[in-house]
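A look at the structure
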Amino acid sequence: MLLDGWQIAFETGHHLLLTLVSVTIAVLVGVPLGMFLVREPFLAGPVVGVAGIIQTIPSLALLGLLVPLLGVGDKPAIVALFLYALLPIVRNSYVGLSNVDRATIEAARGMGMTEAQTLRHVSLPQALPIILAGVRTSVVWSVGVATLAALLGAGGLGTFIFRGIAMVDAAVICSGAIPASILAVTLDLLLAWLERRLVSLGLQPGPRR
Amino acid sequence: MHDVSRSLGSQQILRHLDFEVGLGEFFVIIGASGCGKSTTLRLINRLIEPTGGRVEVMGRDVSTMDVTSLRRGIGYVIQETGLFAHWTVRQNVSVVPRLLGWPKARIAERVEELLEIVGLPMAEYGERFPRELSGGQRQRVGIARALAADPPIVLFDEPFGALDPVTREHLEIEIRNLQRRLNKTMVWVTHNMFEAVRLADRIGVMHEGEFIRIQSPYALMNEEHGPFVHSLLGPHRFQLRLMTMTLAHLSEAAKLDKPEGSQGIVFDETTNLWDALSISDDKGADSIGIRHGDAVRWLRPRDLWSHIPGLYAA
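Owing to the predicted nature of the structure, the values given are computational and were not obtained by experimental measurement. (Residues numbered from 1 in each chain as written. Chains lettered and ligands numbered in written order. Predicted model: local features only at pLDDT ≥ 70, side-chain atom pairs only at ≥ 80, totals over all residues. Heavy atoms only, no water.)

1. Some details on the packing of helix 6 (residues 115–146) of chain A against helix 8 (residues 170–198) of chain A
Residue and element names in this part refer to chain A. Condition: Fitting a line to C-alpha atoms yields each axis, with helices limited to the stretch in contact; the angle taken between N-to-C directions then spans 0 to 180 degrees. Helix and strand assignments follow DSSP, with helices taken as H or I runs no shorter than four residues and strands as E runs no shorter than two, numbered in order from the N terminus. Small angles under 35 degrees read as roughly parallel and large ones over 145 as roughly antiparallel, with 65 to 115 read as roughly perpendicular and the rest as oblique. When checking whether two residues touch, look at their non-hydrogen atoms; a contact exists if any pair is within 4.5 Å. Ten residue types, Ala, Val, Leu, Ile, Met, Phe, Trp, Tyr, Cys and Pro, are classed as nonpolar, four, Asp, Glu, Lys and Arg, as charged, and the remainder, Gly among them, as polar.
At a minimum axis separation of 9 Å, helix 6 and helix 8 run at an interaxial angle of 170°. Here helix 6 lies roughly antiparallel to helix 8, going by the angle between them. Residues Leu-128, Pro-129, Leu-132, Ala-133, Val-135, Arg-136, Val-139, Val-140 and Val-143 of helix 6 pack against Ala-180, Leu-183, Ala-184, Leu-187, Asp-188, Leu-191, Ala-192, Glu-195 and Leu-198 of helix 8. When its residues are assigned to classes, the contact of helix 6 with helix 8 shows 15 nonpolar, no polar and three charged.

This is how it looks when you write it as structure tokens:
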């Protein structure tokens, strides 16, 4: 049985939406959490540790654990994806912000920047390459984990993969697997491009373009 | 006029400092690593707060002032430059004017003027990033940035510590001229005595959190000093001493006529003795002319030593 193009397009869109919604929430939570951890470094170990433990839980197990709590559908899928996406973003925000050159921050303070101005004009732009690298990792992982969301009835491209496996039909499997792979690679390239656009040329290695 | 006096708590990093730096003065704080010289500097712009005593800038107790506006009114240059790597030279130099909300046109004009002052013309360097500059050029940008909003006081924390000796000496001479021309009050931390002698109106020698001497370079080099100052001067005492003396000190001893048949070079009487001797040696000259106004008096280097007070006494 061949699936029609509209159905594939619809599930690709759904897959993309699951990924982007969870990663966006992870960025909104993770970056501020990273900033907070830089100010309270004694909490950094525990918080990054807990996020690491969540990461270690097999993705299928995590999805399964959320079903009794949140039922089936998009909701547990987004929560699981968010939890997975969180670690790279928190960790990279924390590492990126705490590795900003001390002298630069000292100079910013010495010139009369407030703490908020130092963060906005100095620390964040300088940590941006590392934060964005975390976001990229999260996005690529999430595209992968989102295929499992089909098992919770959340839809997405996993639907075709699991249906194809059940039907032992390679064409159906491929109609989920190929778009999912293309999606992951495309998003990765898109973020790489965005990184080159957003990160100051002063921070990028090599000759100027 | 600003006046600094403070002491610091249990660990006694600084002990009852009590000194004053005059308006337009070039004040150099020198001492070994960990003696508290940077701490002292950072008290002035409140990067560190005193645990006792009072720091005053322009007659106002800094603890009563708004910390950000205090800092925006004081230039600050550090060894690592602290340039913002993600911003161009132009953006770096305009930081404080932007914080102060200057209009755009005025900022642009000021940045151009400053880059000209520090010898990095806007057209060539304005749009470069710090990573595209040499160490010396980055320090120049750091200095331009500190001067941007025309602060009356500029603080320097070992700004040239990481530069090679040639660049360093060159920049020292420039900054000294700049300080004279712009009439800024500068407080400069270093552990290099040559730098201190080249720059300072007065040198404060710091040891274990206190000033053991605050003197002019000449007085520091030529008066009796204890074993610590002696060790700080190291094996270069002789050169440092000659650097603090000018030819004017010797004009009494000089004669009106140029010694016959000698190869001579004329220096202004404000030239220091070390420079005069090394330049005349380089050029193979065997007599030195000392210019005072329109008059020139002459001296042979070999006759000079007996006129330096107590030269071989110590």
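This is not the end of the story, as more comes after the structure.
2. Considering the sheet that holds strand 12 (residues 287–292) of chain B
Sheet strands pair via backbone hydrogen bonds, and the direction of the pair is either parallel or antiparallel. Residues and elements named next belong to chain B. Applicable threshold: A pair of strands counts as paired when DSSP detects no fewer than two bridges linking them.
Spatial ordering of the open sheet is given by 11-12-13, a layout of three strands whose pairing is mixed. On the outer flanks of this sheet lie strand 11 (264–268) and strand 13 (295–299), each paired with one strand and no other. Put simply, the sheet's adjacent strands are angled 30° from each other on average, direction ignored. As paired elements, strand 11 and strand 12 share five bridges and run parallel to each other. Paired with Asp-268 across the two strands is Arg-291, which belongs to strand 12. Along the sheet, helix 13 (residues 273–282) contacts strand 11 and strand 12; its crossing angle with strand 11, the most-contacted strand, is approximately 155°.

3. What about the packing of aromatic side chains?
Residue and element names in this part refer to chain B. Test applied: Stacked, edge-to-face and tilted labels apply to pairs of Phe, Tyr and Trp rings (six-membered ring for Trp) whose centres lie within 6.5 Å, assigned for plane angles under 30 degrees, over 60, and everything in between, in that order. Buried residues are those whose accessible area, probed at 1.4 Å on protein chains only, stays under 20% of the maximum for their type, while exposed residues exceed 50% and partly exposed ones sit between those limits. Working rule: Lys NZ or Arg CZ, within 6 Å of ring centre, within 35 degrees of ring normal, means a charge sits over the ring.
In the structure shown here, the tally under the stated rule is seven aromatic pairs over all chains. Relative to Phe-27, the ring of Phe-19 lies with its centre 5.3 Å away and its plane at 15°, an arrangement referred to as stacked. A ring pair is formed by Phe-26 and Trp-188, whose centres lie 5.7 Å apart and whose planes are at 45°; its orientation type is tilted. Of this pair, Phe-26 sits in strand 3 (residues 26–31) while Trp-188 sits in strand 8 (residues 185–190), and the two are 162 residues apart along the sequence. Judged by relative accessible area, Phe-26 falls into the buried class, the value being 0%. Judged by its relative accessible area of 0%, Trp-188 falls in the buried class. Three or more aromatic residues joined by ring pairs make a cluster, and in this case those are Phe-26, Phe-156, Phe-160 and Trp-188. Over the face of the ring belonging to Trp-102 we find Arg-106, whose NZ or CZ atom lies 3.7 Å from the ring centre.

4. Some points on the sheet that holds strand 10 (residues 210–215) of chain B
Residues and elements named next belong to chain B. Pairing within the open sheet is mixed, and its six strands lie in the order 6-7-8-3-9-10. Each edge of the open sheet carries a strand with a single partner, namely strand 6 (74–78) and strand 10. Geometrically, the sheet is characterised by an average inter-axis angle of 15° between neighbouring strands, direction not taken into account. Note that strand 3 and strand 8 share five bridges and pair parallel. From the neighbouring strand, Phe-26 faces strand 8, where its bridge partner is Met-186. Running at roughly 155° to strand 8, helix 8 (residues 165–182) makes contact with strand 3, strand 7 (153–157) and strand 8 of the sheet.

5. Notes on the interface of chain A and chain B
Using the following cut-off: Salt bridge, as used here: a side-chain nitrogen of Lys or Arg that lies within 4 Å of a carboxyl oxygen of Asp or Glu. In protein, a polar contact means a hydrogen-donor-capable atom and an acceptor-capable atom, both N or O and within 3.5 Å, with residues adjacent in sequence counting only if both atoms are side-chain atoms; elsewhere, any N or O pair within 3.5 Å suffices.
Listed per partner, the contact involves 24 residues of chain A and 26 residues of chain B. Viewed at the interface, chain B and chain A are joined by one salt bridge. The salt bridge involving B:Arg42 is made with A:Glu106; its shortest N-O contact spans 2.2 Å. Taken together, the links from chain A to chain B amount to 11 residue pairs in polar contact (both at pLDDT 80 or more). Put simply, the parts of the chain that give the side of chain A that touches chain B at least two residues each are helix 5 (102–110) and helix 6 of chain A. The greatest single-element share of the side of chain A that touches chain B, amounting to seven residues, is contributed by helix 5 of chain A. Within the side of chain A that touches chain B, the residues separate by chemical class into 10 nonpolar, 11 polar and three charged.

6. With respect to the pattern of salt bridges
Following the criterion strictly, the structure yields 20 salt bridges over all chains and no others. Ionic pairing is found between A:Asp188 and A:Arg136, a salt bridge with its closest N-O pair at 2.8 Å. One end of the pair, A:Asp188, is in helix 8; the other, A:Arg136, is in helix 6, and 52 residues separate them in sequence. Residue classification places A:Asp188 among the partly exposed positions, given a relative accessible area of 23%. Between B:Arg202 and B:Glu25 there is a salt bridge, with the nearest N and O atoms lying 2.5 Å from each other. In this pair, B:Arg202 sits in strand 9 (residues 202–207) while B:Glu25 sits in the loop between strand 2 (17–21) and strand 3, placing the two residues 177 residues apart along the sequence. One network of salt bridges, in which partners are shared, links B:Arg168, B:Glu169, B:Glu172, B:Glu195 and B:Arg198.

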